[in-house]
Structure formats: C-alpha cells, structure tokens
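# A closer look at the structure
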Amino acid sequence: SQQGEEDPQALSIQEGENATMNCSYKTSINNLQWYRQNSGRGLVHLILIRSNEREKHSGRLRVTLDTSKKSSSLLITASRAADTASYFCATEAMEYGNKLVFGAGTILRVKS
Amino acid sequence: GAGVSQSPSNKVTEKGKDVELRCDPISGHTALYWYRQSLGQGLEFLIYFQGNSAPDKSGLPSDRFSAERTGGSVSTLTIQRTQQEDSAVYLCASEDRARETQYFGPGTRLLVL
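In this report, we go over the structure that sits alongside the text. All figures in this text were calculated on a predicted structure; none of them were measured in a lab. (Residues numbered from 1 in each chain as written. Chains lettered and ligands numbered in written order. Predicted model: local features only at pLDDT ≥ 70, side-chain atom pairs only at ≥ 80, totals over all residues. Heavy atoms only, no water.)

### Describing the sheet that holds strand β3 (residues 19-24) of chain B
Residue and element names in this part refer to chain B. Read across the sheet, four strands follow the order β1-β3-β7-β6 without closing on themselves; strand pairing throughout is antiparallel. The sheet is open, and its two edges are formed by β1 (5-7) and β6 (65-69), each paired on a single side. On average, each strand axis in the sheet is tilted by 15 degrees relative to the strand beside it, whichever way the strands run. Two elements, β1 and β3, share three bridges in a ladder whose sense is antiparallel. Bridge pairing in β3 links serine 5 to aspartate 24. (Pairing = 2+ DSSP bridges. Helix = DSSP H or I, 4+ residues; strand = E, 2+ residues; numbered from the N terminus. Axes fitted to C-alpha atoms, helices over the stretch in contact; angles between N-to-C directions.)

### Some thoughts on the packing of aromatic side chains
Evaluation of the coordinates by the stated rule reveals eight aromatic pairs over all chains. When the ring of tyrosine 33 of chain B is compared with that of tyrosine 48 of chain B, the centres are 4.5 Å apart and the planes differ by 20 degrees; the resulting orientation is stacked. One end of the pair, tyrosine 33 of chain B, is in strand β4 (residues 31-37); the other, tyrosine 48 of chain B, is in strand β5 (residues 44-50), with 15 residues separating them in the sequence. Neither residue differs from the other here; tyrosine 33 of chain B and tyrosine 48 of chain B are each classed as buried. Three or more aromatic residues joined by ring pairs make a cluster, and in this case those are Tyr35 and Phe102 of chain A together with Tyr33, Tyr35, Phe45, Tyr48 and Phe104 of chain B. Above the face of the phenylalanine 45 of chain B ring, lysine 99 of chain A is positioned so that its terminal group lies 4.7 Å from the ring centre. (Phe/Tyr/Trp six-rings, centres within 6.5 Å; stacked < 30°, edge-to-face > 60°. Buried < 20%, exposed > 50% of the residue type's maximum accessible area, 1.4 Å probe, protein only. Lys NZ or Arg CZ within 6 Å of the ring centre and 35° of its normal.)

### Considerations on the interface of chain B and chain A
Facing the 23 residues of chain B at the interface are 21 residues of chain A. Both sides of the chain B and chain A interface together cover about 1600 Å² of buried area, and 44% of this is carbon and sulfur. On the chain B side of the interface with chain A, the three residues burying the most area are Leu43, Glu100 and Phe104 of chain B, jointly 31% of the side's total. Joining chain B to chain A, the criterion identifies two salt bridges. At the junction of chain B and chain A, the tally comes to six residue pairs in polar contact (both at pLDDT 80 or more). If you list the elements that add at least two residues to the side of chain B that touches chain A, you get β4, β5, β8 (88-96) and β9 (101-104) of chain B. Residue classes in the side of chain B that touches chain A are distributed as nine nonpolar, nine polar and five charged. (Contact = heavy atoms within 4.5 Å. Buried area = accessible area lost by both parts, 1.4 Å probe. Salt bridge = Lys/Arg side-chain N within 4 Å of Asp/Glu carboxyl O. Polar contact = N/O pair within 3.5 Å; in protein donor to acceptor, adjacent residues only side chain to side chain. Nonpolar A, V, L, I, M, F, W, Y, C, P; charged D, E, K, R; others polar.)

### Details of the environment of histidine 57 of chain A
Residue and element names in this part refer to chain A. Locating histidine 57 in the fold gives a position in strand β6 (residues 55-58). Judged by relative accessible area, which is 53%, histidine 57 ranks as exposed. When the C-alpha atoms of histidine 57 and leucine 74 are compared, they prove to be 9.8 Å apart, with 17 residues separating the residues in sequence. With sequence-adjacent residues up to four places away left out, histidine 57 is seen in contact with Ile47 and Arg62. A distance of 2.6 Å separates a polar atom in the side chain of histidine 57 from a polar atom in the side chain of glutamate 55.

### Here we look at the sheet that holds strand β8 (residues 71-76) of chain A
Residues and elements named next belong to chain A. A sheet is described by the order of its strands in space; here five strands give the open sequence β1-β3-β8-β7-β6, paired in antiparallel fashion. Looking along the sheet, the strands with just one partner apiece sit at the ends: β1 (4-7) and β6. Going from strand to strand, the sheet's axes swing by 15 degrees on average, the running direction of each strand aside. Pairing of strand β3 (residues 19-25) with β8, which is carried by six bridges, proceeds in the antiparallel orientation. Counted as the bridge partner of methionine 21 is leucine 74 from β8.

Take a look at the structure:
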C-alpha cells in the first residue's frame, strides 16, 4: 500500500453540505499537505499542517492531524458546486527523502 | 508573478519516437519535481531536483526516462522509444522551500499512438 491513502475514493454531496475526506499514512512525517486538482491539470496547494499541529483552518477548509493514528482529515464546510475537484493529501517524510509523496486522491462532486 | 510553465501542452507521438517535455519553474525555487498521472489516477513521482544535489531518480520507471535541470532552472524530461503505456499527463512542480509548498504547472498531456 502507499504512504498516503485517501478515503473515500469518491464522494458525492449536495451543495451546502459538508464534505469530509480522510488520509492515512505509514511513517513519521514532517508535514502533511492537501492539494486540489481540477480537470486533470495542475494541482493547487490548499493547506499545510505540521507534525506538531493538530488543527488548521483556512476559509471553509479545516484540516486535522492525528499523528498517533497517522491520519488526517480535510473538511470543506458549506460546499459549493465549484468545489467539485479531486483532492490529494501529500506527506513529507524523512523516510522518503523529504520529498512529497501523494496519495491517490478523493474525487469530490458537489451537486447544485 | 509568473507561475510554473510547461511545454508543449499536448503531444501526440508514434510508438518508438523520442519526446522531450519542458518545465520552466518559478524563479528562485531550488526544488523541482516531475510527476506522471495516468487517467483518473494519483500522482506518480518520477524525479526530484534540489539545488546542486544529485537528483533523486528513484521514481523513474525505466532507463528510457531521463531528466536534466540546466543551470538550476529549466528542466527537460526525455522519454526515449516511447511506448503506449507512457501515455499520461506529465506534471512539473517547483517548490518554495521556505513555505514548503509546491507550485504545479498545467502539465503536458502525452499520447503515444
């Protein structure tokens, strides 16, 4: 299995609902990041959380990190149709040469 | 300011031909990554350049793949004797080490017929 694995693989919700995506990883990390990708093109950085942090907020995004469970969650509140995209977690870990390792992503569809 | 740019945007080639993909990173970013993404899949790490250090080539799938970074800036990913399974989107990213954030280019969509 991969260093970072997202769950669920796909998520479909109604506009206005909250969306929660989870990421699990295997090794100790320096930080964990979430990225968004529209239409199979370039990824856009959303938020970074360090290993000594437990929660971070950015606008409608809330990220939590539980290093004891080696997991993170991304919550998007009050979702909009424009939030439809793929969301990837990426971990930076010494075991992987301090380079970012991406998971397979969660496909989020927000229906209007 | 200018972001990461990649060229060409799309490339169609015949099996067996060589292709070169180019990445222009953000000025001043010392780290540069190449990834491959097949349709509907996650990112597959290919190679990582960091300053003047030897590149991390651990993700290159075969010896047909190579990459170089000239003058610590522009990078070229070369695929020799392309195969149909090389068809994918090739993404480049440069990294602001201070912010630990990667900035991605729009990708090159490669189709090998």
